[in-house]
Amino acid sequence: MQRAVLMAMYEPSDKELSALMHDVATEAKKKAVVVKKQLRESIAVEIQKARLKLHTLKV
């Protein structure tokens, strides 16, 4: 059986790895902000639904 090559022969420098990690962290932060906003909006919608349901039960 032949062994698979997991990494290419070229290894990035520390500077290149640092830049890549920075880009990944920046992208993750952007996505986290979007997800946080969506969660906040989803919670607000669910609260509105619950208030409406409570109001209709009181009447």
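These remarks concern the structure in this document. Since we're looking at a predicted model, the values are computed, not measured.

Thresholds applied
Residues numbered from 1 in each chain as written. Predicted model: local features only at pLDDT ≥ 70, side-chain atom pairs only at ≥ 80, totals over all residues. Heavy atoms only, no water. Helix = DSSP H or I, 4+ residues; strand = E, 2+ residues; numbered from the N terminus. Buried < 20%, exposed > 50% of the residue type's maximum accessible area, 1.4 Å probe, protein only. Areas by Shrake-Rupley, 256 points an atom, 1.4 Å probe, with all protein chains shown as cover. Patch = residues over 30% accessible without salt bridge, like charges linked within 9 Å, V, L, I, M, F, W, Y side chains within 5 Å. Salt bridge = Lys/Arg side-chain N within 4 Å of Asp/Glu carboxyl O.

1. Examining the overall build of the protein chain
Thought 1: Each helix and strand in the protein chain was counted, giving 1 helix and 0 strands.
Thought 2: For the protein chain, the residues scored as buried account for 0% of the 59 residues in total.
Thought 3: With an accessible surface of roughly 6,400 Å², the protein chain has 65% of that area assigned to carbon and sulfur atoms.

2. Here's the deal with a nonpolar patch on the surface
Thought 1: Taken together, the side chains of Leu17, Leu20 and Val24 make up a nonpolar region of the molecular surface, amounting to roughly 260 Å² of accessible area.
Thought 2: Looking at where valine 24 falls in the secondary structure, it is placed in helix α1 (residues 14-58).

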